[in-house]
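Coordinate analysis (summary)
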Amino acid sequence: MARGEAVQKDPQAIERARFLRRVELFRGAPAAVLGEVARKLQPVEVAAGEVLFREGDTGDRFYIVQSGTLAVTTTIGGEEHELTRLFAGEFLGEIALLGESERTATVRTLSDAVLLTLDPEVFKELVADVPALEAVVADAAKRRQSRSLRTALEIEHRNLATLMAQRDTISIGRNADNDLVFGSPNVAEHHAEVCKRRDGGVELVDLGHGAGTSVNGMLVRGSVTLKDGDEVVLGDQRFLFNGTNPITLVEPTGIRIDVVGLTKTVRATRPVKGERRLLNEVSLSILPGEFVAIVGGSGAGKTTLLDAMAGLRPATSGTVYYNGRDYYRCIDDYRHVLGYVPQDDIIHGELAVAQTLWYSARLRLPRDTSKESIATAVAQRLDDLGLSERAALPVSRLSGGQRKRASIAIELLTEPRVFFLDEPTSGLDPATDRQMMKLLSTLAEDGRTVVLTTHATKNVGLCDKIVVLARDGNLAFVGPPAAALEYFGVEAFDEIYDCLEEGSPEQWGARFRESPSYPRVEAGGGPGGDVGTEVVGRRRGLRQVLRQFRVLSARNFTIHRKPQNLMPLLMQPVVISLLILSLFHSGIWKPSRDASTAALQLVYTFDFVMFLFGLLFGAQEMVRESSIFRRERTVDVRVLPYLLSKATFLAPLLALVATAMTTVFWLTGRLPDAGLDVYLPLLLTLMLTGWAGMAMSLLISSAVRTSQQATDLLTPWIAPQVLFAGALFAVPSMNVVGRALSNVTAVRWSFEASSHVTHMKDLFTATGSEVGRALSTQYAASFNGAPARYWVILACFVIIPLVVAGRVLSSKTR
């Protein structure tokens, strides 16, 4: 029997080969080569508390953890600090296979462990025996020289003693001109400085260009004094400080996720009041670089589990660990290493594909990232996802699969280490479904942890692991796809759904907990487990707000300048202006029997349509891109610049509409023959009226979930502007309820202000008619306030809804 055939029939070798796929050294190796390496691995039992090797020892072998827990530590100031923990399926020491090197950390077992080991001599013999492995080793050596080899235990020691002796300040950043260079795109080109103080102490200064800097889980605002053992996070890079040598822990490309006892409950009203469980004590582990699918029928809790692991909708109880750290407590440190693609598109259909990535890069990458670097990153992601030929096409013209790839391209801009996707293959044809799954498998092979939800199981065989959920979030199985078929006793993945219907969800959950396949998750207590008792928001201050405002405003303008978006907005004033011109004749401001009534109605109509334009212009602004903004909030896009970017686009447009309509009505004799003393106050009144309608529409748009709901809610706000503005019935003639409602009706104050500045009461008197005298009597107590008073009231109708809209957006996207 050939060796390759023996490997294929050896279940243990197959499982070991799965682990080897995630080791950077063996990345890209053919399956047959991985199988040969797996056969050479030898099991070693290690008792709890035993030191596997110490910092400074010669690295002489590679290990895979088959079972047990290992602690990785380093000594700082005479004290031992834990860097991370390793669990079943993780690996260490592969650099030793490439040549002699010193161990850069101490590793000891916290529990009895079984390790699979491979020493360099055996590895050299294997390289000589398997020609294809020689090419794999050569590629790994090149990656090492380019400093892109990232392993769980590679720690870079950077000696600052010489530099600190020569100067008082050491620069840290992504640019090559820094003293300490970190290659992550989430680190600013010039991110921070380490400064020596006169008293001999050292402090860290955040320069405010990047994603922020935190020390021991707390955001640095300006500067902070460093002491031995402090944990520093710059963007997505983490190191411990020991006075003169920052020790950088270079974690694997992917992230290990441990879910322990996750439960999610919500209040239910149907069929009976009480609590409903969406997740029921789910526990599982996902290793770095694994491709995992969460499958189950409707109501199984797939998206709920995905969002709980991603931190978008945290679980009610239980814990999620990222690399042994309590994720919910340290969530801000992982903000920029996480990619998330929801089921809804997170891209603007009106923008070209390249434009979409450009604006996303400007929002997500550090503030000092150059335009050239952004252009390079965009071009690279388009090429990686096969979208280069579609770069100039509007997103709306892409196919469903291409739109998903564009969404993934956006997430790849920050080179995330863990990727969550909610139903990425939903609505795709079978061929595109498989292409998408192969693409995601490739991302996992690059070292990223990839987790997706799906109800289509045809291609889940491409995954390393599947998570099967029964109804109400009961965990029915976790393991390799082939093992799932064996566990459920079926031949096809679709048949698993039929099995789940044969018993209750609780029974399936209990059965799996009692099976040997049930994951015994070991996590927690690692570094950062006791750091940061609360989530610290990354508030970067005024500079960050202004930067985001500029980018969001530019994007908003690019979207709306498209003819298909701008023309519907502009046609509304044109059509309504023509209707008003056909309704009122010229010369209505000259004293006559009917002049007073016509002028009064014209002023009211003008005020009302300006408020209506504001409502119509902004009603769909935020609801149509709610999924986009919800995702952008997770990468620290603030509510204030987003809301202002909408308001500052619509406000000038409404001001232009008010000016144009006023000019047309004046030229056609529909307005009084007066000077700037009348028209400037009138214009200000009309602008404030339009802005009040805009503010209300933005509030509606921020609060609703669908575009239809936004449209439906316009009517309740339009009706009061007709009934209680004072044109149909003078306010003094209304009953108590009507007068109260008129006080919170924006057009009422606009109508009074406009009537005041156009001297409406003088026109009533000048007509000398019975109608004029009746109107003078009816409106005797109206139009008497100073214009400034009316403007202040109208300003409140602008500011208050915008503030409430901001609070609503913040609450919905928290």
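Preceding this paragraph is the structure being described.
Turning our attention to the overall build of the protein chain. Helix and strand counts for the protein chain come out as 27 helices and 29 strands. Here the protein chain, with 814 residues, has 57% of them falling under the buried criterion. A separation of at least 24 residues holds for 71% of the contacts in the protein chain among residues at least 6 apart in sequence. In the form shown here, the protein chain has an accessible surface area of approximately 34200 Å², with 54% of it arising from carbon and sulfur atoms.

Now for the sheet that holds strand β2 (residues 51–53). Taken in spatial order, the 4 strands of this open sheet run β2-β7-β4-β5, and their pairing is antiparallel. One side of each edge strand has no neighbouring strand; the edge strands of this open sheet are β2 and β5 (79–86). The sheet shows a mean angle of 35 degrees between the axes of neighbouring strands, taken without regard to direction. Relative to strand β7 (residues 106–109), β2 runs antiparallel, the two being bridged by 2 bridges. Following the sheet pairing, F53 is matched in β7 by V107.

Our next topic: the layout of surface pockets. Roughly 1600 Å³ of internal volume is contained in the largest pocket. Lining the largest pocket we find 41 residues, and of these L312, T634, K812, T813 and R814 sit closest to its centre. Elements with a minimum of two residues in the lining of the largest pocket: α7 (302–310), β25 (338–341), α18 (626–633), α19 (639–667) and α27 (787–812). The leading source of residues in the lining of the largest pocket is α18, at 5 residues. Taken together, the residues of the lining of the largest pocket sort by class into 15 nonpolar, 10 polar and 16 charged.

Take T453: it is sitting in strand β27 (residues 449–454). A residue is classified by how much of its surface remains accessible, and T453, at 0% relative accessible area, is buried. Among the polar contacts listed, one links the side chain of T453 to the backbone nitrogen of E423, at a separation of 2.9 Å. Sequence-distant contacts of T453, that is, excluding residues within four places in its chain, are made with I294, K302, T303, L306, L421, D422, E423 and P424.

Another aspect to go through is the pattern of salt bridges. Applying the stated criterion across every chain yields a total of 26 salt bridges. Linking E80 and R108 is a salt bridge whose minimum nitrogen-to-oxygen distance equals 2.8 Å. Placement of the pair is E80 in strand β5 and R108 in strand β7, with a sequence separation of 28 residues. Classification of E80 as partly exposed rests on a relative accessible area of 46%. In this structure, D307 and R313 form a salt bridge, with 3.0 Å as the shortest nitrogen-oxygen distance. Residue R313 is classed as partly exposed on the basis of its relative accessible area, which comes to 37%.

The rules behind the values
Residues numbered from 1 in each chain as written. Predicted model: local features only at pLDDT ≥ 70, side-chain atom pairs only at ≥ 80, totals over all residues. Heavy atoms only, no water. Helix = DSSP H or I, 4+ residues; strand = E, 2+ residues; numbered from the N terminus. Buried < 20%, exposed > 50% of the residue type's maximum accessible area, 1.4 Å probe, protein only. Contact = heavy atoms within 4.5 Å. Areas by Shrake-Rupley, 256 points an atom, 1.4 Å probe, with all protein chains shown as cover. Pairing = 2+ DSSP bridges. Axes fitted to C-alpha atoms, helices over the stretch in contact; angles between N-to-C directions. 1 Å grid on protein atoms, 1.4 Å probe; cavity = no way out; pocket = protein on both sides within 12 Å on 5 of 7 lines; lining within 4 Å. Points joined across faces, edges and corners; volume = space filled by probe spheres on them. Nonpolar A, V, L, I, M, F, W, Y, C, P; charged D, E, K, R; others polar. Polar contact = N/O pair within 3.5 Å; in protein donor to acceptor, adjacent residues only side chain to side chain. Salt bridge = Lys/Arg side-chain N within 4 Å of Asp/Glu carboxyl O.

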